[in-house]
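Architecture and fold: a report
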Amino acid sequence: MKGIHMKAASRFILFSFLSFTSIASAAINPADVKSNLLQKYSITTNDKILLAQLKSETLKHGGQSVEALIEVMKNGKYPDKNRWMATFLLGQIMGDKSAPFLVKFLKHPHWVMRMASLKTLLALKQKNYSKDYASLLRDDSFIVRSQALDNIRTLKTPEVAPFVWAMLYDKKNYYQPTLNGKALKAKRSNIIKSVILTVGELKFDKAKAPLIKMIQKDRYIDIFPEIDQSLMKITGLSSPAGDKTKKRIFWQRMAMNSTIN
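Computed from a predicted structure; not experimentally measured. (Residues numbered from 1 in each chain as written. Predicted model: local features only at pLDDT ≥ 70, side-chain atom pairs only at ≥ 80, totals over all residues. Heavy atoms only, no water.)

**Details of the pattern of salt bridges**
Counted under the stated rule, the structure contains ten salt bridges. Put simply, R188 and D222 hold a salt bridge, and the shortest N to O gap is 2.7 Å. Of this pair, R188 sits in strand β4 (residues 187–188) while D222 sits in the loop between α12 (208–215) and α13 (224–235), placing them 34 residues apart in sequence. Close ionic contact of K247 with D228 constitutes a salt bridge, the shortest N to O distance being 2.9 Å. Residue K247 is located in helix α14 (residues 244–260), and its partner D228 is located in helix α13; the two are separated by 19 residues in the primary sequence. (Salt bridge = Lys/Arg side-chain N within 4 Å of Asp/Glu carboxyl O. Helix = DSSP H or I, 4+ residues; strand = E, 2+ residues; numbered from the N terminus.)

What follows is the structure, encoded as structure tokens:
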């Protein structure tokens with residue numbers, strides 16, 4: 001009899017504990033969660049410990065954090081660093097379901113939000129928005145253009161390769177040096193190297209002939225390695241190691257053989 005009473009008592013204690021836990025969880029009002037998080041997201045800080053704590057608290061509340069995160073993303077009164085973090089955390093909490101909402105921020109007037117959305121969509125491996133990424137290849141912000149290009153290259157979305165190739169002719173991707181107040185010849189920015197490599201990764205066949213012509217000219221010597229690598233990706237061939245002259249001859253012969261065939 002004593003054993004039966006002990007089992008009954010244990011069950012009662014367990015039931016009471018589970019009931020208390022359930023009540024405690026229910027007692028967390030979603031409105032209170034949102035209010036508390038918004039208050040913390042409004043604080044400007046570079047303290048890594050505080051930011052890590054805020055991230056941890058946001059993730060702890062899971063879906064209950066979503067309303068607060070959306071409010072932070074949409075409202076310019078919150079610090080940029082916090083809006084950046086809110087964007088990433090929304091993607092982390094909601095996963096693929098957050099993508100349609102994040103894509104809207106690719107048209108946001110503030111470059112920080114466009115950039116944060118691009119990086120979050122890349123982390124979520126969202127290939128379905130390649131045309132949205134391509135639309136930012138002409139963005140006024142250099143860093144946004146670079147990230148959009150990285151999205152396309154990493155996710156390998158060949159359908160937008162023509163938009164990538166067009167970046168070679170966009171004046172935004174060149175800078176104008178001066179000497180004693182006099183404008184010198186425009187120079188290629190580093191993004192041009194990424195453009196060349198990306199058309200190779202996307203195996204953009206229409207770039208093959210122009211690239212073969214470019215690799216023969218000394219004025220493209222600064223991007224010679226990128227052109228060579230891109231041609232190898234597009235053609236599936238390997239140029240001779242080392243000497244630039246040998247490489248030029250190799251690609252010239254390949255072009256001639258292609259014409260003959």
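**Here's the deal with helix α4 (residues 66–74)**
Residues spaced three or four apart along an α-helix point in a common direction, a consequence of the helix completing one turn every 3.6 residues. Buried residues of α4: V66, A68, L69, V72 and M73, and no others. Around the axis of α4, the buried residues are gathered within 160 degrees of arc, so they sit on the same side. Those residues of α4 that are exposed and aimed more than 90 degrees away from the buried face are E67 and K74. (Buried < 20%, exposed > 50% of the residue type's maximum accessible area, 1.4 Å probe, protein only. Arc of directions from axis to C-beta.)

**Considerations on the side chain of Q147**
Here Q147 lies in helix α9 (residues 142–155). Accessibility expressed as a relative area gives 7% for Q147, which makes it buried.

**Comments concerning a positive patch on the surface**
Together, K185, K187, K213, K217 and R219 make up a region of like positive charge exposed at the surface. For K213, the location among the structural elements is in helix α12. (Patch = residues over 30% accessible without salt bridge, like charges linked within 9 Å, V, L, I, M, F, W, Y side chains within 5 Å. Areas by Shrake-Rupley, 256 points an atom, 1.4 Å probe, with all protein chains shown as cover. Lys, Arg positive; Asp, Glu negative; His and termini not counted. Charge placed at Lys NZ, Arg CZ, Asp CG, Glu CD.)

**Examining the packing of helix α3 (residues 48–61) against helix α5 (residues 80–94)**
At a minimum axis separation of 11 Å, α3 and α5 run at an interaxial angle of 30 degrees. Viewed along their axes, α3 and α5 form a crossing whose handedness is right-handed. Taken together, the residues of α5 that come into contact with α3 (itself represented by L51, L54, K55, T58 and L59) are K81, N82, M85, L89, Q92 and I93. Residues that form the contact of α3 with α5 fall into these classes: six nonpolar, three polar and two charged. (Axes fitted to C-alpha atoms, helices over the stretch in contact; angles between N-to-C directions. Left-handed = near helix turned anticlockwise from the far one by under 90°. Contact = heavy atoms within 4.5 Å. Nonpolar A, V, L, I, M, F, W, Y, C, P; charged D, E, K, R; others polar.)

**Comments concerning the environment of A166**
With respect to the helices, strands and loops of the structure, A166 is situated in the loop between α10 (161–165) and β1 (174–175). A166 sits in the partly exposed class, given a relative accessible area of 40%. The spatial distance from the C-alpha of A166 to the C-alpha of L137 is 9.1 Å, given a sequence separation of 29 residues.

**As for unusual backbone geometry**
The phi dihedral of K125 is positive, around 55 degrees, even though this residue is not glycine. Position of K125 among the secondary structure elements: in the loop between α7 (111–123) and α8 (130–135).

**A short note on the nonpolar core**
In a soluble, globular protein the nonpolar side chains are often hidden away together inside. Residues Y41, L211 and I227 are the most contacted members of the largest nonpolar core, which totals 63 residues. Dropping the residues within four chain positions of it, Y41 is found in contact with L54, T58, L69, V72, Y78, P79, N82, M85, A86 and L89. (Core = buried A, V, L, I, M, F, W, Y, C linked by side-chain atoms within 4.5 Å.)

**Examining the side chain of T58**
Tracing the backbone through its elements, the reader meets T58 in helix α3. On the basis of relative accessibility, which here comes to 0%, the residue T58 falls in the buried class. Residues contacting T58, with those up to four places away along its chain left out, are L37, Y41, S65, L69, L89 and I93.

**Section: the packing of aromatic side chains**
Summed over all chains, the structure comprises four aromatic pairs. Across from the ring centre of F224, 5.5 Å away, lies the NZ or CZ of K244, which sits over that ring. (Phe/Tyr/Trp six-rings, centres within 6.5 Å; stacked < 30°, edge-to-face > 60°. Lys NZ or Arg CZ within 6 Å of the ring centre and 35° of its normal.)

**Side note on the environment of A209**
The residue A209 is located in helix α12 in this model. Considering only alpha carbons, one finds A209 and W251, 42 residues apart in sequence, at a separation of 9.9 Å.

**Concerning the confidence of the model for the protein**
A residue-level look at the protein finds 88% of positions with pLDDT of 70 or above and a mean pLDDT of 89. Counting contacts from residues 1–27, a segment whose pLDDT is below 50, to residues more than four positions away or on other chains yields zero contacts. (pLDDT = per-residue confidence, 0-100.)

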